[in-house]
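Chain by chain, the residues:
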Amino acid sequence: MTVHGRPRRTARRVRITGCGIRPGLLNPRPPEEPMKSVQLYDTTLRDGTQGEGFQLSMLDKLRIAQRLDAFGVDYIEGGWPGSNPKDIEFFQEAKKLDLAHAKLAAFGSTRRAGMAVGDDPQVRLLLEAETPVVTIFGKSWDLHVTEVLRTTAGENQAMIRDTVRHLKTHGREVVYDAEHFFDGYKASPEHALATLKAAAEGGADVLVLCDTNGGTLPSEVMQICRAVTEAIPGTPFGIHTHNDCELAVANAIAAVKAGGVQVQGTINGYGERTGNCNLTSVIPILQLKMGIEVVPELEQLKSLSYFVDDVSNNPHFARAPFVGRTAFAHKGGMHVNAVQKLARSYEHIEPGAVGNTQQILVSELSGQMNILLKAEKLGLGLEKGSPEAKSVLARVKDLEHEGYSFEAAGGSLELLIRKETASYEKPFELKEFHTSYRLYRDGHDPVCEATVKVHVGDEAEYTVAEGRGVVNALDKALRKALKPFYPEIAEVSLLDYKVRIIDGHDATAAKTRVLVVSGDGKSTWGTVGVSENIIEASWIAIVDSLDLFLQRHRAKLPQTETV
Ligand SMILES: [Zn+2]
């Protein structure tokens, strides 16, 4: 995997203070002293994947990690190396990611009872992940210590202290997740606080109070956080909440108000049961309502939210606050009339601040701005208001109406912009394709066959190929046809393929959206195709992928990341 093209931002100095609330607008900090008082800790790749219907392949995880880093998240929890080999593999691959800002964290538990920490294989795997940060969870609730772990309070505290200290002596930044902290505190404040003290004695960098069962109320969170600061003033605390009472976001905000310096959560709130604290809500609340700057480009929020939905192959939640399709949609006649006169009469923030748009008065300008920005990044200057810009915008709108989504298919968007500018030259022309599927009665694996006919310049090429499935066969046949003309195409491979049936809210019939990820060993790019026919949708995505590769190759442009 390569690096996205973002320049490394000037380092933001993270100063952990007792008070997480920055005076914000009332007392802006001088620009020479940037400060971030709340850190974002994303656990989409670990706690998020505990959620039903939220599965990520290794490639998905790497793509999301890159996107989170580009967005400005401070910590990315990649997985639990002790729980499955897939996560060990992820950390090996993740070493190749050149993250500009975020630190990777490996997640695990304290050592086992009655075992020396150096002998515990699960702890050893945490070190072998070679991440700068290790997050471990320990038991805070006496009920869990005696009934689940079946050990004593003293041994539980030693397990926490030893493990934190061991990781610290190996040079790790250590985040201590106090599991069931609020329930534990309510059962026995002394017991719960003693476990936190053990982590602080071991040298934990931050103590994260977890509402694991999601049943705590904001007023309780605030009160208990204050008690923690009083009992353990030397170590900063963070918050990890679950949404069982639909209070995960409110609880995280309550903790920040009480002085919390780290918020843990997931994009779109994915996670076990009813989900984790939704970072796509917490982030704009911190930044827009509380004046705590946590990310440099909040306008990328909606795009990030859609990206994670698309990559995980989940439908977007239309009513999601801030980022949902209907978050700023107005229907009621009186409301429409009022927002047309004065947007803020029925909108709590300016939708563009989070990259969203008001519906009814669809802001052409903001849509156009996103595309102009993309073109500028590609070095294809599109002038605002120019006929080219207008035609790109119109094309994008039409395609979106047909069911296209470009959030995880930057490659297709790039190609579309190129096609509307003078830099595009058609590398080949498709004349026809045909696929067939052969099933054998003798137990032989089924075979799929594809034929394609393409024209390159004046020459016609007619090829046939077999594959494991329709898409594989089509991809092979097309490459075979193009290889004599473009030998460089051998570098491209198909890395991922996803199919989604679109709900058709703004399309007339049910359609299929196919998302393809291709790579050339140095970078990856996503392309998309939509059609009522799955084979045609796949074909469109594959053709876009090879076309884009050839455009860049011809222009001697680096194959930059366009996921
Ligand atoms: Zn959790």
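Residues numbered from 1 in each chain as written. Predicted model: local features only at pLDDT ≥ 70, side-chain atom pairs only at ≥ 80, totals over all residues. Heavy atoms only, no water.

1. Looking at the overall build of the protein chain
Looking only at helices and strands, one finds 17 helices and 14 strands in the protein chain. Scored against the burial criterion, the 563 residues of the protein chain give a buried share of 55%. Partitioning the contacts of the protein chain with sequence separation of at least 6, the portion at a separation of at least 24 is 67%. Summed over all atoms, the accessible surface of the protein chain reaches about 24,700 Å², with 52% contributed by carbon and sulfur. (Helix = DSSP H or I, 4+ residues; strand = E, 2+ residues; numbered from the N terminus. Buried < 20%, exposed > 50% of the residue type's maximum accessible area, 1.4 Å probe, protein only. Contact = heavy atoms within 4.5 Å. Areas by Shrake-Rupley, 256 points an atom, 1.4 Å probe, with all protein chains shown as cover.)

2. Focus: the pattern of salt bridges
Overall, the coordinates contain 23 salt bridges when judged by the stated rule. The shortest N-O distance in the salt bridge between Arg-552 and Glu-414 comes to 2.7 Å. A residue pair is termed long-range when its members are at least 10 positions apart, and Arg-552 in helix H17 (residues 534–554) and Glu-414 in helix H15 (residues 410–420) qualify at 138 residues. With a shortest N-O distance of 3.5 Å, Glu-466 and Arg-438 are connected by a salt bridge. Separated by 28 residues along the polypeptide, Glu-466 in strand S11 (residues 459–467) and Arg-438 in strand S9 (residues 429–438) bring together distant segments of the chain. Classification of Glu-466 by relative accessible area gives partly exposed; the value is 43%. Overlapping salt bridges bring together Arg-46, Asp-47 and Glu-77 as one network. (Salt bridge = Lys/Arg side-chain N within 4 Å of Asp/Glu carboxyl O.)

3. Considering the nonpolar core
Judged by nonpolar contacts, the single largest core of 107 residues is most densely connected at Tyr-176, Phe-181, Leu-196, Val-263, Leu-286 and Ile-417. With 7 residues, helix H9 (residues 248–257) is the single largest residue contributor to this core. Ignoring sequence-local partners within four residues, the contact set of Leu-196 consists of Tyr-176, Ala-178, Phe-181, Leu-207, Leu-209, Val-228 and Ile-232. (Core = buried A, V, L, I, M, F, W, Y, C linked by side-chain atoms within 4.5 Å.)

4. Concerning the sheet that holds S9
Spatially, the 3 strands line up as an open sheet ordered S9-S10-S11, and their pairing is antiparallel. Both outer strands of the open sheet, S9 and S11, are each paired with one neighbouring strand and no more. Taking the axes of each pair of neighbouring strands and ignoring which way they run, one obtains an average angle of 10° across the sheet. Here strand S10 (residues 447–456) runs beside S11; their pairing, made up of 9 bridges, is antiparallel. By the bridge assignment for S11, Lys-453 is matched with Tyr-462. Helix-sheet contacts for H17 involve S9 and S10, and the interaxial angle to S9 is about 130°. (Pairing = 2+ DSSP bridges. Axes fitted to C-alpha atoms, helices over the stretch in contact; angles between N-to-C directions.)

5. Examining the coordination of the zinc ion
Here the zinc ion is held by Asp-47 (OD), His-240 (NE2) and His-242 (NE2), and the distances to it run 2.0 to 2.2 Å. Mapped onto the sequence, the residues coordinating the zinc ion show the spacing D-x192-H-x1-H. Taken as a pair, Asp-47 in the loop between strand S1 (39–42) and helix H1 (58–71) and His-242 in the loop between strand S7 (237–241) and H9 lie far apart in primary sequence, 195 residues in all. On the basis of relative accessibility, which here comes to 4%, the residue His-242 falls in the buried class. (Donors = N, O, S within 2.8 Å, 3.2 Å for Na, K, Ca; no water.)

6. Regarding the packing of aromatic side chains
For the structure shown, the criterion picks out 11 aromatic pairs. Residues Trp-80 and Phe-137 carry aromatic rings whose centres are separated by 5.8 Å and whose planes lie at 85° to one another, so their mutual orientation is edge-to-face. Of this pair, Trp-80 sits in the loop between strand S2 (75–79) and helix H2 (85–94) while Phe-137 is found in strand S4 (residues 133–139), placing the two residues 57 residues apart along the sequence. Owing to a relative accessible area of 24%, Trp-80 belongs among the partly exposed residues under this scheme. Judged by centre distance (5.3 Å) and plane angle (75°), the rings of Phe-90 and Phe-91 are edge-to-face. Here Phe-90 and Phe-91 have matching classes, each one buried. (Phe/Tyr/Trp six-rings, centres within 6.5 Å; stacked < 30°, edge-to-face > 60°.)

7. Focus: the environment of Glu-420
Relative to the assigned elements, Glu-420 resides in helix H15. Sequence-distant contacts of Glu-420, defined by excluding residues within four places in its chain, comprise Glu-388, Ser-391, Val-392 and Arg-395.

8. Remarks on the sheet that holds S1
The strand order around the closed barrel formed by 8 strands is S1-S2-S3-S4-S5-S6-S7-S8, and the pairing between neighbours is parallel. The mean inter-strand angle of the sheet, taken between neighbouring strand axes irrespective of direction, is 25°. Contacting strand S6 (206–211), S7 and strand S8 (262–265), H9 runs over the sheet at an angle of about 170° to S7.

9. What to know about helix H16 (residues 470–482)
Compared with an ideal rise of 1.5 Å per residue, which puts 13 residues at 18 Å, H16 spans 18 Å between its outermost C-alpha atoms and is within 8% of the ideal. Burial of H16 is extensive: 10 of the 13 residues sit out of reach of the surface. The inward-facing, buried residues of H16 abut S9, S10, S11, strand S12 (493–502) and H17. (Expected span 1.5 Å × (residues − 1).)

10. Re the confidence of the model for the protein chain
Averaged over every residue, the pLDDT of the protein chain is 86; the share at 70 or more is 87%. Under a pLDDT of 50 for its full length, residues 1–35 has, in the predicted model, 71 contacts with residues more than four places off or in other chains. Note that residues 361–366 has pLDDT below 50 and, in this model, 8 contacts with residues that lie over four places away or in other chains. (pLDDT = per-residue confidence, 0-100.)

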